[in-house]
Amino acid sequence: MEARPSVFIGSGNLEADKRVSFHRSSQSIIGKNLPVVKISSQKKQKYVVHSSSSHLSTWPAYEPGQGILQNRKPCSLPGWQSTSKPLMPISKPRYLEELESYLRAELQALDLTKGKVQELKLQPYREVFECFMEEFKTYKPLLASIKREYESTIAHLQEKICTLESVNGVLVTASDQCTQQILAFQQQEKIEIAKLKEERLYLLKLIDKMKEEKCSLETQVAKLRKTVAEEYLRYLNECDARKLLLLDLNEMYRQKEEMRLTMEQEDVLEEDTVKLKVALRVARQDLTKAQVDLNTMQANYGDVVPRRDFELQEQKYNDLANKLSTLQKDFDDLRDEYEIMLDIHKQVADDRDRYFNDLINVQRTSTPRPDWNKCGDVVLGGNERWSSLSVGKTSDQLVDVLLEEIGGGLLRERDTFTGRGRSEKIPPYLRCDGLVRNKKLTKKDVVALLREIWREKIISDQQKGKQSSLSDFFLGFFQKKHGEAAAFDWTYSVYENLKLFRSNEMMALFFNVLTGNVDEGVYHNHLLELNNLLKELTLADTENTGQLTEEQFTLALRATFPLKTEEEIQELLDAAGFRPNVNAIMYKLLFLEDEEGKTEPLITKLRNQYTIEKQNYLNDLRAELGALVDVRPDDLRAAFCIIDHGLTEQTLESYLSYAFQVPKEQLDPAVSVPIELLMKRLMTGDIHRQGAAQGQAQHAAPSHTTEEADHSGI
C-alpha cells in the first residue's frame, strides 16, 4: 500500500510519495481504464514546475508541528488530539500559479460564438484536473473514479437532452396542429351561428305568415259559422215537418190495424164451438201442471239464497272488513300522533313560559322601540312620502333611509367639495386639487346621468371592440360633455350622491362597479337575463293581449331560468303579483322603472336570487377546495369541474383568468394565490352556475336561441 500524506500532530513534513514529478505521474496513468482526454506534450510541459529538490510545492503550508484542521475531514484525528498552535499560511506555490494562468489563457482563447459553448469551456478544466490528478498518485484512483462518474453523468444528461429536444419538436408540432384545429372550430362555429341567425329570421317570418293565415282562417271560420247557423235553422224546420208527416203516417197505420183486428174477431166468432171447448180443456190441464211444478219448486228452494246475492253480500263483507282494518290502523296512527302532539304541546308550553319570562326581562331592561311615524313630520314631503319610503322596511333599513334623507339635505347645502389631490392612489375621476363646485343634483338627476353613462359606454365598447374601465370612462364622459374645466364638478357631485344613497339598487350597483368592488359583467348579465325573460314572455303572449296567466308565466320563467328550483320559481310568481284571485297580469309593467331607479318586486327578487345563488355556488367551491391555503390554477379548475358539470371550456378559462387576474395565455400552473383572496375576487365577478347542481332536476331549456341583449331598450 502506498504511503498517505500525514496530517496528524507532529507531522510537519509531507511524505515523499506526494511529491512526485509531473513526468513520472503522467506516465503512470497510461494504460488505465479512465476517461482521459489526450493532451499534447507541448501543453503538458507547461504544467511541470521543477524545484531545486525535484518535488512539487505544497500550498497552503503551515509551520512545522501544526496539524490542526478546523473542519474535520475523513481519516483525520478528533479535535481533542489536535494542537492549539495558530496556523501560518504562506504564499501560493509556483505550480498552482502556472495551472491558474494556463486555465485563464485557455478560456480566453476559446471561440464562444460557436455552438456548444459549455462543452468548449469544460475542456480546459478537464485537462487541468487530469494533470492535478496525475501529480497525486496516492489520491489518483479516487480522483479518477470521481472524474469517471462525472463524465458518465454528463454523457447521460446529454443523451437525455437530445431525447427531450426531439420530444419538444413533437410538442411544438402538436401545439400548432391544435391551434389550427381550434381556429377551424371557431370558424365553423361562426358559420353555424350565422346559419342559426338566418334560420331564426326565417322562422320569425314563417311565424308572422302563419299568424296572418290564422287571422284569415278565423275570418273564414266566422263566415262558415254564420252559414252553418242558417243551414241549421232550415234543417230544423224540415225536421219538424218530417215529424208531423210521421205522426200522420202512424195514425193511418193504427187505423189500418184496428180495421184488420175487427175483421179477425168477426172471423173467430164464426169458428166451431167444439174446437174451442177442446182448447179450453187442454189449457186447464196445462195450468194445473204448471201450478204443481210451481208448488214443488217453492217447497224445495224456498230457503235457498241466489248465488248472485251471495256473492254480492260476500263482496260487501270483504269491503267492510278492509275498511275496518284501515280505520283501525288510522286510529292507531292518530293515537300515536296524539301522544306525540301532547309531548310537543308540553314542550311548546315550556318554551312559551320561558320566552314569556325572557320577554318580561327584555321589556324591563331594553330601551323602547322608536316611533318611526315621527319622522314624517321632519322629512321632506311629509307623512305621505315617509310612508312610501318606510313601507316593508326593517328598523335597520329605516335608519339607512333616515340617514340618506339627512345626508341628502346636508349635501344640498354644500356649495363646494375639497379635491383629494393628484396621488396615484386616488381614482382618476377624483384626482384634482383645490375646490370643486357642488352641482346639487337630485336623485332623479343622478339616475338619469347613470342611464346615459351606461348607454354611452356600451356604444363606445362596441365601437372599440373591447371593454374599457368604468372609472376611466366616467371621467371621460363628463370631460366630453361639459369640458375639462367642469368635469370634476360633475364627477365629485355624482360620486358623493352615489356614496350617500346606497339603498337605491341602481346607484349602489354603479358605485360598486365604479370602485372595483363588483365586476361590470354583473350589470350586463342582469340586463341579459331581463332581456331574455321579456322575450320569453312576449313569445308566450300568442294573442298579443299584454296579459299572461300563471301557467304561461311559469313556463316562460322555466324556459329562461332552467336551473332555478320550484321554490325560487314560486317566489318569482309571488313577486310578479300572482294571487289565488288573480288570473292574469300585465307582464310588461313588471319591467318598468321610475325616475329614481326604483324597480318592481320581480326585478328586485331576481337580483336577490342571483346574489344568493352565487354565494351558494362559491360555498360549494370553497368546500370542494377543502383545507387548501394556497390555490393553484389546476386545483381551481378541478374544483369547478366537479361542482359544475355544465361549464364550457371557454367559461372555465375566463373564471380562472379572473380569479388569478392574468390573461388565460399567461396562467402559470406553479403560481398559487391565498384562498381568502381568491374567494374575494370571485365574489366580485360575474360567477354563476352553468349546469344543474347534484340532486336538482333541470327544467327544459328554451327552444329559441338567446342573443345579445339590447341594453338601451330595457
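Residues numbered from 1 in each chain as written. Predicted model: local features only at pLDDT ≥ 70, side-chain atom pairs only at ≥ 80, totals over all residues. Heavy atoms only, no water.

(A) The arrangement of the packing of helix α10 (residues 443-464) against helix α13 (residues 520-540) in detail. For the pair α10 and α13, the least separation of the axes is 13 Å and the interaxial angle reads 100°. With respect to each other, α10 and α13 are oriented roughly perpendicular. Across the interface between the two elements, W454, K457, I458 and D461 of α10 pack against E520, Y523 and H524 of α13. For the contact of α10 with α13, the residue count by class is three nonpolar, one polar and three charged. (Axes fitted to C-alpha atoms, helices over the stretch in contact; angles between N-to-C directions. Helix = DSSP H or I, 4+ residues; strand = E, 2+ residues; numbered from the N terminus. Parallel < 35°, antiparallel > 145°, perpendicular 65-115°, else oblique. Contact = heavy atoms within 4.5 Å. Nonpolar A, V, L, I, M, F, W, Y, C, P; charged D, E, K, R; others polar.)

(B) Just a nonpolar patch on the surface, in detail. Together, Y139, L142, I146 and Y150 make up a nonpolar patch on the protein surface, roughly 420 Å² of accessible area in all. Here Y139 is to be found in the loop between α4 (117-135) and α5 (140-269). (Patch = residues over 30% accessible without salt bridge, like charges linked within 9 Å, V, L, I, M, F, W, Y side chains within 5 Å. Areas by Shrake-Rupley, 256 points an atom, 1.4 Å probe, with all protein chains shown as cover. Salt bridge = Lys/Arg side-chain N within 4 Å of Asp/Glu carboxyl O.)

(C) Highlighting unusual backbone geometry. Phi is positive for K440, which is not a glycine, with a value near 50°. With respect to the secondary-structure elements, K440 resides in the loop between β2 (435-437) and α10. Positive phi, close to 55°, is recorded for N544, a residue that is not glycine. As for its position among the elements, N544 is in the loop between α13 and β3 (547-549). On the accessibility criterion, N544 (58% relative accessible area) is exposed. (Buried < 20%, exposed > 50% of the residue type's maximum accessible area, 1.4 Å probe, protein only.)

(D) View of a negative patch on the surface. Where like charges cluster on the molecular surface, the negative patch consists of D330, D333, D336, E337, E339 and D343. Counting through the fold element by element, E337 comes out in helix α7 (residues 307-365). The class of E337 is partly exposed, set by a relative accessible area of 46%. (Lys, Arg positive; Asp, Glu negative; His and termini not counted. Charge placed at Lys NZ, Arg CZ, Asp CG, Glu CD.)

(E) Representation of the packing of aromatic side chains. Going through the model one piece at a time under the given rule, you end up with 15 aromatic pairs. Measuring from ring centre to ring centre gives 5.4 Å for W454 and F510, while their planes differ by 80°; the resulting arrangement is edge-to-face. Within this pair, whereas W454 is found in helix α10, its partner F510 is found in helix α12 (residues 505-514), the two being separated by 56 residues in sequence. Of the two residues, W454 and F510, both sit in the buried class. Ring-pair connections join several aromatic residues into one group, and the members of that group are Y429, W454, F473, F474, F477, F478, W490, Y495, F510, F511 and Y523. (Phe/Tyr/Trp six-rings, centres within 6.5 Å; stacked < 30°, edge-to-face > 60°.)

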